[in-house]
Amino acid sequence: MKTIGIIGAGQMGSGIAHVIALAGYRVRLSDLSADRLAEAVAAIDKNMSRQVSKEKITQAAKDAAIALISTDVSYDAFGDCDLVIEAATENEAVKREIFKTLVPKVKPDTILATNTSSISITRLAASTDRPGKFIGMHFMNPVPVMQLIELIRGIATDEDTFSKVRDLSIALGKTVAVSEDFPAFIVNRILLPMINEAIYTLYEGVGSVTAIDTAMKLGANHPMGPLELADFIGLDTCLSIMQVLHDGLSDSKYRPCPLLVKYVEAGWLGRKSGRGFYDYRGEKPVPTR
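Residues numbered from 1 in each chain as written. Predicted model: local features only at pLDDT ≥ 70, side-chain atom pairs only at ≥ 80, totals over all residues. Heavy atoms only, no water.

Inclusion rule: UniProt positions are given in the numbering used here, feature names are shortened, and annotations may be inferred rather than shown by experiment.
Going by the annotation in an unreviewed UniProt entry, the name recorded for the protein is 3-hydroxybutyryl-CoA dehydrogenase, with Lacibacterium aquatile given as the source organism. A UniProt comment under Sequence similarities (unreviewed entry) is attached to the protein, and it reads "Belongs to the 3-hydroxyacyl-CoA dehydrogenase family."

And the structure:
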């Protein structure tokens, strides 16, 4: 692989572009808005500068990586890509539409990957013209820091596709965990019900936001409390994953907490919207309950 396309220039897409460019691959980054693309490149530049200041990479490595990134609002930029990774919002209808539009723009042998954190790889692959060349490539957030990539084969994913994407993941300096194609895979199958349970604990008045997060940080040695983590992930994403688990496994233990639903309905989505279980609009975060 030499050239890799990325659809979506949000936090995940820009993070994926960051690590791929640093590994020496050409990156074609696409989003609906030229302004969003400019913001993404600026964020990548800033994050790489932070790595230079911490002596994790050299200035020369940063300059070379930035030079490898090009941006375009059109999928026409993906014509020479060996792999295209979709990193759009966690919504199956949106992802299907993206792949429908993308397929005519890429080479017949281009591998397609999705960064979905919960949606069926088999189902998404079936919406394309190449189920054998389709795979789940779930990066963790923040991508430049987190070491794991979950690789998920759909039922039709061929061995050559899996091998090439696994080799790329290792070349990016990541560790691979292979998951079967079940709702939410491994990490979120375990993590999101824990976060949902923390929200129920708040909803039922067992503890306050501060008490719950402090208890899990100091009592379970978690680096971040579950409600703080939910805000970091995005409460809309948390709700989407819980809905995928509930719908896909038909088990009441995956029912999204009504308080999570209420926060999302209010537009309180966590850090990205300024309010979630904490209010981020002041000098430091303050619990909202």
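### Some words on the pattern of salt bridges
Let me state the cut-off plainly: Whenever Lys or Arg places a side-chain nitrogen within 4 Å of a carboxyl oxygen from Asp or Glu, that contact is recorded as a salt bridge. Relative accessibility decides the category of a residue: with a 1.4 Å probe and only protein chains considered, values under 20% of the type maximum give buried, values over 50% give exposed, and everything between is partly exposed.
Going through the model one piece at a time under the given rule, you end up with 15 salt bridges. Between D129 and R130 there is a salt bridge; the shortest N-O distance is 2.7 Å. Judged by relative accessible area, R130 falls into the buried class, the value being 6%. One salt-bridge network, held together by shared partners, links E86, E90 and K95.

### What about the nonpolar core?
Note the threshold: Among buried residues, those of type Ala, Val, Leu, Ile, Met, Phe, Trp, Tyr and Cys that are joined through side-chain atoms within 4.5 Å constitute a nonpolar core. Think of it this way: any DSSP run of H or I at least four residues long counts as a helix, any run of E at least two long counts as a strand, and we number them from the N terminus. Residues count as neighbours in contact if any of their non-hydrogen atoms are within 4.5 Å of one another.
Among the nonpolar cores identified, the biggest contains 35 residues, and I20, I85, M137 and F139 are the most heavily contacted of them. Among the elements that make up this core, the one with the highest residue count is helix α1 (residues 11–22) (6 residues). Not counting residues up to four positions away in its chain, the partners in contact with I85 are I4, G5, I6, I7, I16, I20, A113, M137 and F139. Counting residues in each nonpolar core, the second largest holds 26 residues, with L192, I199, C238 and C257 among its members.

### Side note on the packing of aromatic side chains
Cut-off, in case you're wondering: Working definition: rings of Phe, Tyr and Trp (its six-membered ring) pair if their centres are within 6.5 Å, and the pair is stacked with planes under 30 degrees apart, edge-to-face with planes over 60 apart, and tilted otherwise. To sit over a ring, a charge needs its Lys NZ or Arg CZ within 6 Å of the ring centre and within 35 degrees of the ring normal.
Considering all chains together, one arrives at 6 aromatic pairs under this definition. When the ring of Y200 is compared with that of Y203, the centres are 6.3 Å apart and the planes differ by 70°; the resulting orientation is edge-to-face. Remark: Y203 and Y200 occur in helix α7 (residues 187–203); sequence separation between them is 3 residues, near one turn of the helix. On the basis of relative accessibility, which here comes to 12%, the residue Y200 falls in the buried class. Following the ring pairs from residue to residue traces out a cluster consisting of Y263, W268 and F277. For the cation-ring pair, R153 lies above F162, with the distance from its terminal atom to the ring centre recorded as 3.7 Å.

### Some points on the UniProt feature "domain: 3-hydroxyacyl-CoA dehydrogenase C-terminal" (unreviewed entry) in the protein
Within this numbering scheme, the UniProt entry marks residues 185–280 as carrying the feature "domain: 3-hydroxyacyl-CoA dehydrogenase C-terminal" (unreviewed entry). Along residues 185–280 the backbone is 61% helical and 2% strand, and the end-to-end C-alpha distance reaches 31 Å.

### Section: helix α9 (residues 226–233)
Listed as buried for α9 are P226, L227, L229, A230 and D231. As for α9, its buried residues are in contact with α7, α8 (209–219), α10 (235–249) and β9 (278–279). Within two residues after α9, G234 carries a phi angle of roughly 110°, on the positive side.

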